[in-house]
Structure formats: structure tokens, C-alpha cells
Amino acid sequence: MILLESIRIFMRSADTGSFSAAGRDLRLSPSVISYRIQNLEKHLGCLLLTRTTRRMSLTEAGRIFYDRCLDITAAVERAEKCVEAAGATPRGTLKVTAPLGLGRRVIAPLIPRFRERHQEADVHLRLSDHLLDLVQEAVDVAVRLSQMRDSSFTLRKVAGVERVLCAAPSYLERSPPLDEPADLLRHDCLLLRFPGSEQFRWTLTDRGKTLTLPVSGHIDVDDGETLTNWALAGEGIALKPLFEVASHIASGQLVTVLPKTPPLSATLGILYPSRKMLSARGKTFVDMVYAVMRDHVAAQLALVGKHPT
């Protein structure tokens, strides 16, 4: 078991490119990572990694060993998950990601409930509106609100998500008329921006066709909940999932604009590597998340007379 754990540490170090990154993922200090790999190299009698102050890379022997270890770790994971699927108690570590706002309001409160029922399972929750590389980050379960392009992952759809353009009445009262999509180019649009983000180009639907506009604004952020707060404060127009702003629309704090040419819809769903390989802890967690998110979306949409699709 010690050798297998050292192999996993070595592979994660190679995947991330540094002891520090591997340590963050595995919750080990870089010194422990280095010590375990040095012992593994001593056991094998060869150097696996070359290390400098700026980078780390596999040696030829390290590459060969890494490739062979892929089969070993996959076989062990299959064995563990087969046992769990046969009815063993959910245990082990579950890495979960979710968008910031939905994660804070819906997913994070689930974790204590899950742990209360399955005390042998650990959960590492990472909240971010960035679309993380699920393979690179070794994610077990990902809650996503997007167009869903991870074809290598199994998707469990929670709901189709209608999206809207919305703004505070105070902003609309002092701003130019907003009668057609092109008018957005003269408005302050509140943008969700981060490396790789496409949110600075808004795609609207118009009688079955799409129109993409290079909108702009004076402020942007990488947190979707901040966009909502800015819209409420009258700072501009935001593109939001309807269920996230339904309560503000129902109260009149926000109003929808250009309702005849709405943004492209998205999908709220749960991604995981493979249905056949989903562990007992993963399946249990996915079932909990699915039920709670479905109820949350339905409750919010009911405020504006809508239903999940």
C-alpha cells in the first residue's frame, strides 16, 4: 500500500508539474511529496523526475514507469469501485467542483448532510465560475451551468436553463433606449470575464437564428454573483440564468430587457467520468445533488411562473 500511494504521488506530481501543486491536491506538504518520490526512485534504482527551480519533467525512465503505472492505478480503481458498487459503505475522497453562487447556496450546505450519513467519505469542494479542466484537476463530480462540451464525461441533466438579460429600473431610466439587440452596444454590459471566458460576446436568439454581439462595459468580474449585485445596484445589464435572478425580477428590483431576443439557453447538469466507474460515494453524492438542485431551480422559477425543462 505504501508503494501504491508513492506511485500515485509520483503520477500526480508528473500531471501537475510541481510538488507544490501535487501537494495542494493531495493535501500533503511539498517536502513530503519530495521525500516519497525520492524513496520511490531509490526503490526503483533510477531517476524518475528531473527538477530545476523553474520546471519539473519526466526522465525517459520516468515516462516508461508512468505509462505502466496508468494500467496499475486504473486496475486498482476498478477493483475498489466494483467493491463499492456491490454495496460497501461509501468511503474515500470525493473531489467536487461547482459554480460560486450555486455552490455557496445549494452545494456547500449539502456537504455536512452527506458527511453525517457517510462519515468514512471525505469531500474536497472547490467553488469557481471558471470552467476547470476536469481531467487535469482529477475531479470526481462537477456541477456545471453551461453549453456542456465535456463529451468524455457522463452528463446527468438537472434542467434546461433559460437565461435573460436584466437590469435595475434605475439603470434603464438614465440610459439610452433599448429596443433591439444592436442597442446593447451603447450600454454598460456587466461581463463575466476570466481566462478562456467567452462571456464578453453575447449570443441572442431571434426567430430561430442567432446573433452574436461584442458587448462591452466599464466593469467585469470572474464571479457571477457579483454581476447580480452590480445589476441590482444599477451598474448595467447582466446576462443571467433566470432561476438565479427570479426573486429579484419577482420583486421588481430587476427587469428583463429584450425579451423577444433572449440569450441562448444553457444546461444545468452534473458531470462525472463514467457511469460504470462511478464509485458508491460518487453515486450517492450525485443523487443528493440532483434532487436538491432540481428542487431549488423549481422553487426559484415558480416565483416568476416558470417550470424547469
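Let us look at the structure shown here. (Residues numbered from 1 in each chain as written. Predicted model: local features only at pLDDT ≥ 70, side-chain atom pairs only at ≥ 80, totals over all residues. Heavy atoms only, no water.)

Turning our attention to the overall build of the protein chain. If you tally the helices and strands in the protein chain, you get 10 helices and 14 strands. Relative to its full complement of 309 residues, the protein chain shows a buried share of 44%. Accessible surface computed for the protein chain: about 16200 Å², of which carbon and sulfur atoms make up 52%. (Helix = DSSP H or I, 4+ residues; strand = E, 2+ residues; numbered from the N terminus. Buried < 20%, exposed > 50% of the residue type's maximum accessible area, 1.4 Å probe, protein only. Areas by Shrake-Rupley, 256 points an atom, 1.4 Å probe, with all protein chains shown as cover.)

Our next topic: the nonpolar core. Membership of the largest hydrophobic core comes to 41 residues, with the highest contact counts inside it found for Ile107, Val143, Leu268, Ile270, Phe285, Val289 and Met293. When residues of this core are assigned to their parent elements, the largest contribution, 7 residues, is made by helix H10 (residues 280-302). Residues contacting Met293, with those up to four places away along its chain left out, are Leu102, Val106, Ile107, Val143, Val158, Leu268 and Ile270. (Core = buried A, V, L, I, M, F, W, Y, C linked by side-chain atoms within 4.5 Å. Contact = heavy atoms within 4.5 Å.)

What follows covers the sheet that holds strand E6 (residues 154-161). The 5 strands lie next to each other as E4-E3-E5-E14-E6, forming an open sheet whose pairing is mixed. The open sheet is flanked by strand E4 (121-127) and E6, the only strands paired with a single partner. When the angles between neighbouring strand axes are averaged without regard to direction, this sheet yields 15°. Relative to strand E14 (residues 266-272), E6 is paired through 7 bridges, and the arrangement is antiparallel. Note that in E14 the partner of Val161 across the bridge is Ala266. (Pairing = 2+ DSSP bridges. Axes fitted to C-alpha atoms, helices over the stretch in contact; angles between N-to-C directions.)

The next thing to look at is the sheet that holds strand E12 (residues 237-241). Strand order in the open sheet made by the 5 strands is E11-E8-E12-E7-E13, with mixed pairing throughout. The open sheet has two free edges, formed respectively by strand E11 (220-221) and strand E13 (255-257), since each of these has just one partner strand. Sheet topology note: the strand E8 (residues 189-192)/E12 ladder contains 2 bridges and is parallel. Considered in E12, the bridge of Leu190 is made with Ala238. The sheet contacts of helix H8 (residues 224-232) involve E8, E11 and E12, and relative to E8 the element is tilted by about 170°. The sheet contacts of helix H9 (residues 242-251) involve strand E7 (163-167), E12 and E13, and relative to E12 the element is tilted by about 120°.

Interhelical geometry of helix H5 (residues 100-107) versus H10 gives an angle of 100° and a closest axis separation of 11 Å. Regarding the angle of H5 to H10, the classification is roughly perpendicular. Each of Leu102, Arg105, Val106 and Ile107 in H5 lies in contact with H10, whose residues at this interface are Phe285, Val289, Val292, Met293 and His296. Here the residues of the contact of H5 with H10 sort into 7 nonpolar, 1 polar and 1 charged. (Parallel < 35°, antiparallel > 145°, perpendicular 65-115°, else oblique. Nonpolar A, V, L, I, M, F, W, Y, C, P; charged D, E, K, R; others polar.)

So, about unusual backbone geometry. Positive phi, close to 50°, is recorded for Arg207, a residue that is not glycine. Of note, Arg207 is situated in the loop between strand E9 (202-206) and strand E10 (209-213). Given a relative accessible area of 78%, Arg207 falls into the exposed group. Not every positive phi belongs to a glycine, and Leu258 is a case in point at roughly 50°. Among the secondary structure elements, Leu258 is positioned in the loop between E13 and E14. Owing to a relative accessible area of 8%, Leu258 belongs among the buried residues under this scheme.

The next thing to look at is the packing of aromatic side chains. A full pass over the atoms with the stated rule returns 3 aromatic pairs. Seen in terms of ring centroids, Phe10 and Tyr66 are 6.3 Å apart; in terms of plane orientation they differ by 75°. Their pairing is edge-to-face. Placement of the pair is Phe10 in helix H1 (residues 2-16) and Tyr66 in helix H4 (residues 60-85), with a sequence separation of 56 residues. Side by side, Phe10 and Tyr66 carry an identical accessibility label, which is buried. Between Phe114 and Phe285 the ring centres are 5.3 Å apart and the planes differ by 85°, which places this aromatic pair in the edge-to-face class. Here the residue Phe114 occupies a position in helix H6 (residues 110-117), and Phe285 occupies one in helix H10, the gap between them amounting to 171 residues. Overall, Phe285 belongs to the buried group, its relative accessible area being 1%. What links up through ring pairs into an aromatic cluster is the set Phe10, Phe65 and Tyr66. Residue placement shows Arg63 over the ring face of Tyr66; its charged tip is 5.6 Å from the ring centre. (Phe/Tyr/Trp six-rings, centres within 6.5 Å; stacked < 30°, edge-to-face > 60°. Lys NZ or Arg CZ within 6 Å of the ring centre and 35° of its normal.)

What follows concerns the pattern of salt bridges. Side chains that carry opposite charge are capable of pairing whenever their charged atoms lie near each other. Taken as a whole and judged by the stated rule, the model has 11 salt bridges. The partner of Arg12 in a salt bridge is Asp15, with the nearest N and O atoms 3.7 Å apart. One end of the pair, Arg12, and the other, Asp15, are both in helix H1, 3 residues apart, so they sit about a helical turn from each other. Beyond isolated ion pairs, a larger network of salt bridges with shared partners links Arg104, Arg105 and Glu225. (Salt bridge = Lys/Arg side-chain N within 4 Å of Asp/Glu carboxyl O.)

All quantities given are derived from atomic positions and should not be read as evidence of function.
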